[in-house]
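Structure assessment
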Amino acid sequence: MMHDFEYLNRELYCESVRVRDIASRVGTPFYLYSYKTFTEHLMKLQKAFKLIDPLICYSMKANSNLAILRSLVKKGAGLDIVSGGELFRAREAGCDPSKIVYAGVGKTDSEMEQAIRAGILLFNVESLQELDRLERVTAKLKRRINVSLRINPDVDPGTHAHITTGKAETKFGLDLDTAHLAFMRKDKYPHLSICGVHVHIGSQIVKSEPFVKAFRKVLIFLTALEREGHRVKFLNLGGGLGIIYSDERPQTAEQFAKQILPLFQGRKYKVILEPGRFIAGNSGILVTRVIDTKQTKAKHFAIVDAGMNDLIRPALYGSHHEIWPVRQTRAAKKVIYDVVGPICESGDFLAKNRKVQELKANDLIAFASAGAYGFSMASNYNARPRAAEVLVRGSRFEVVRARETNQDLVRGERIPKWV
Ligand code: LLP
């Protein structure tokens, strides 16, 4: 089972709740998440990798709603963070800091300090310069911390250029020679215990081959390091597992594990995984209402009350999100629509040339697979309050983030006396 959104008598349900009923209570647009799908995806990975008992650090950039984080943390997940803000959220959600790993090419001194004080498990360091800086910050606090070096293995993951991270020309990680240098100079960093290696080559990767290729490179590197007497304790394999948006056939957790586990046989690393999209992607939808339809000489448009500020993936990556009418009509008539938002630019579309049932004003439609990088990438562009977020578990549902108000839009702004 890929997710828990289903039709019953032509009505879309999330678990046991009718989506239409939520819309009439909460208004539109809103993100809708299934607790069951979220937690089951985590459990699928836990099960597939049971043999090596990895620490699964959910990559919270995919969806960092506190209710979601708490649900996953309670099922044993740690968290992968990339900022001081995510550290704050992680702790608000009750995540044990000893299960937090911190990646990113631009951690500020202050963010480093917050994470050191919190006592996180590992920093994933992305350059020699960052290593020097982290040493200084840690020394100042009179602490000692664990560090993994993020390797850039120069492998093409075969995904969109914007989400490719493991090729040499990207800003991420250290090449193998530089990483080797860092291990050799370990004594230069008395407050850092360089005891791990991290690799994350990209996102929405549907085949195992790029992973295998990258991990093989890393393993050869690790063997060389160990031969020189360096001890490596943590091996972080990153995230990147692809999901189904339209007709992809991504590897399952089980297939992935089957490819990966044999590579590490006989090695005793504490393996860390950082999936984001795999857990969150199909666990959420974006529900929106048709404001108007519009027919021009060129096109049929359906203008909806969600825009690129709510879901930017189509505009930014040309991503495909399936359209699910919240109520399926009996009428056979289908129309090819561009589904667009109210924002004042042509990049503001959620779908293009999509054949769906004929739509009219007030109809509700949902965009599927919007649980990852949906709300978390939302903005207030065009002074649009961000959408509500709703979580369903069984027959219960709750607003887990209130729709923003106009007051929220101006929070923190001031008009100086001299203007
Ligand atoms: N670990 C690191 C270090 C990462 O940078 C990322 C994602 C992940 C783990 C999780 O990757 P996942 O399992 O979700 O593929 N906004 C884009 C995706 C950006 C991914 C950024 N890094 C999108 O909407 O497709």
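Refer to the preceding data block for the structure.
We now turn to the structure provided with this report. These numbers come from a predicted model, not from an experiment.

Considering the overall build of the protein chain
For the protein chain, the helix and strand inventory stands at twelve helices and 20 strands. On C-alpha atoms alone, the protein chain measures out to a radius of gyration of 23 Å, which is about the 22 Å that the 2.2 N^0.38 rule sets for 419 residues. When the backbone C-alpha atoms are referred to their principal axes, the protein chain occupies close to 70 × 65 × 40 Å. The burial tally for the protein chain puts 55% of its 419 residues in the buried class. For the protein chain, the proportion of contacts with a sequence separation of at least 24, taken over those separated by at least 6, is 70%. Carbon and sulfur atoms provide 50% of the accessible area of the protein chain, an area that totals close to 19,600 Å². Across the protein chain, the mean location of the 64 positive side-chain charges is 3 Å away from that of the 45 negative side-chain charges.

So, the pairing of strand β5 (residues 55–59)
Of all five residues in β5, five are buried, a share of seventy percent or more. Burial along β5 is two-sided: Leu 55, Cys 57 and Ser 59 facing one way and Ile 56 and Tyr 58 facing the other are all buried. One ladder, built from two bridges, connects β5 with strand β12 (residues 270–273); its direction is parallel. Looking at β12, one finds that Leu 55 is bridged to Ile 272. Alignment of β5 against strand β6 (residues 78–81), held across three bridges, turns out to be parallel. Among the inter-strand pairings, Tyr 58 is bridged to a residue of β6, identified as Leu 79.

Some details on the nonpolar core
The tendency in soluble globular proteins is for nonpolar side chains to be buried as a group. By size, the foremost hydrophobic cluster in this structure holds 101 residues, and its most contacted members are Tyr 58, Phe 123, Leu 131, Val 147, Leu 149 and Phe 215. The element that contributes the greatest number of residues to this core is helix α8 (residues 209–227), accounting for nine residues. Both domains that meet at this core, namely domain 1 (5–33 + 281–409) and domain 2 (104–273), each give it at least three residues. Setting aside its immediate chain neighbours within four residues, Tyr 58 contacts Phe 38, Asn 63, Ile 68, Leu 69, Leu 72, Gly 78, Leu 79, Asp 80, Pro 275, Gly 276, Ile 279 and Ala 280. Within the second largest apolar cluster, 20 residues are counted, among which are Cys 14, Val 17, Ala 388 and Val 392.

Describing the site of the ligand
Near the ligand, the surroundings consist of 19 residues, among which Ser 203, Glu 274, Arg 277, Arg 313 and Tyr 373 are the closest. One nitrogen or oxygen atom from the main chain of Gly 240 is found 2.8 Å from an oxygen atom belonging to the ligand. Interatomic distance of 2.9 Å between a backbone N/O atom of Gly 276 and an oxygen atom of the ligand. Protein contacts shield 91% of the accessible area of the ligand, which totals 590 Å² for the unbound molecule. Grouping the amino acids of the shell around the ligand by side-chain chemistry returns five nonpolar, eight polar and six charged. Summarising the domain contributions, the shell around the ligand has at least three residues from each of domain 1 (5–33 + 281–409) and domain 2 (104–273).

Focus on the environment of Gly 158
Looking at the secondary structure, you find Gly 158 in the loop between β9 (145–150) and α7 (176–184). Take Gly 158: its relative accessible area is 62%, and that puts it in the exposed class. With 101 residues separating them along the chain, Gly 158 and Cys 57 place their C-alpha atoms 24 Å apart.

Regarding the environment of Met 2
Position of Met 2 relative to the elements: it lies in the segment before β1 (5–8). Taking relative accessible area as the criterion, Met 2 reaches 31% and is therefore assigned partly exposed. For Met 2 and Leu 12, which are ten residues apart along the polypeptide, the C-alpha to C-alpha distance reads 16 Å.

A look at the packing of aromatic side chains
All chains considered together, the criterion is met by ten aromatic pairs. Relative to Phe 375, the ring of Tyr 31 lies with its centre 6.1 Å away and its plane at 90 degrees, an arrangement referred to as edge-to-face. Of the two residues, Tyr 31 sits in strand β4 (residues 30–34) while Phe 375 sits in the loop between β18 (364–367) and β19 (388–393), which places them 344 residues apart along the sequence. A relative accessible area of 0% places Tyr 31 in the buried class. Clustering of aromatic rings is evident, with ring pairs tying together Phe 49, Phe 211, Phe 215, Phe 256 and Phe 264. Over the ring of Tyr 102 we find Lys 107, and its NZ or CZ is 5.5 Å from the ring centre. Lying over the aromatic face of Phe 349, Lys 352 brings its terminal NZ or CZ to 4.3 Å of the ring centre.

Describing unusual backbone geometry
A cis amide bond links Thr 28 to the next residue, Pro 29, at an omega of -5 degrees. Mapping Pro 29 onto the fold places it in the loop between α1 (19–26) and β4. Positive phi outside glycine occurs at Asp 154, with the angle close to 55 degrees. With respect to the helices and strands, the residue Asp 154 is situated in the loop between β9 and α7.

Some details on the sheet that holds strand β3 (residues 17–18)
Strand order in the open sheet formed by three strands is β1-β2-β3, with antiparallel pairing between adjacent strands. Across the chains shown, the open sheet's two edge strands, defined by having one partner strand only, are β1 and β3.

Some details on the pairing of strand β13 (residues 284–295)
Sheet analysis places β4 next to β13, joined by four bridges and oriented antiparallel. Bridge assignment links Tyr 33 to a residue of β13, and that residue is Gly 284. Taken together, the four bridges between β13 and β18 define a ladder with antiparallel strand orientation. Bridge assignment links Val 287 to a residue of β18, and that residue is Ala 366. Inspection of the sheet shows β13 paired to strand β14 (residues 300–304) by five bridges, in the antiparallel sense.

The rules behind each value
Every chain begins its residue count from 1, and numbering advances along the sequence as written. A pLDDT threshold of at least 70 governs which residues receive local features in this predicted model, and a stricter bar of 80 or more applies before side-chain atom pairs are shown or counted, although totals over entire chains, interfaces and linings include all residues. Where side-chain values are given, they derive from all heavy atoms of the structure, hydrogens and water being excluded. Secondary structure is summarised from DSSP: a helix means a run of H or I of at least four residues, a strand means a run of E of at least two, and numbering begins at the N terminus for each. Only the C-alpha atoms count toward the radius of gyration. The rule for a globule is 2.2 Å times the residue count to the power 0.38. Think of it in three bands: residues with accessible area under 20% of the maximum for their type are buried, residues over 50% are exposed, and the middle band is partly exposed, with areas taken using a 1.4 Å probe on protein chains only. The criterion used for residue contact is that any of the two residues' heavy atoms lie within 4.5 Å. Here the Shrake-Rupley method, with its probe set to 1.4 Å, supplies the accessible areas, and only the displayed protein chains count as covering residues. Counted charges follow a simple rule, with Lys and Arg positive, Asp and Glu negative, and His plus the chain ends left uncounted. By convention, charge coordinates are those of NZ in Lys, CZ in Arg, CG in Asp, or CD in Glu. Two strands qualify as a pair provided that DSSP identifies no fewer than 2 bridges between them. By convention a nonpolar core is built from buried Ala, Val, Leu, Ile, Met, Phe, Trp, Tyr and Cys residues, the set being connected through side-chain atoms within 4.5 Å. Those domain boundaries reflect an automatic or database domain assignment. Throughout this document, a residue counts as near a molecule or strand when at least one of its heavy atoms sits within 4 Å of that molecule or strand. Here a polar contact is taken to be a pair of N or O atoms separated by no more than 3.5 Å, where protein atoms must pair a possible hydrogen donor with a possible acceptor and residues adjacent in sequence count only if both atoms sit in side chains. Asp, Glu, Lys and Arg are counted as charged, while Ala, Val, Leu, Ile, Met, Phe, Trp, Tyr, Cys and Pro are counted as nonpolar; the rest, among them Gly, fall into the polar class. Centres within 6.5 Å make a pair out of two Phe, Tyr or Trp rings, where for Trp the six-membered ring is used; the pair is then stacked when the planes are under 30 degrees apart, edge-to-face when over 60, and tilted otherwise. Ring-over charges, as used throughout, are those where CZ of Arg or NZ of Lys falls within 6 Å of the ring centre and within 35 degrees of the ring normal.

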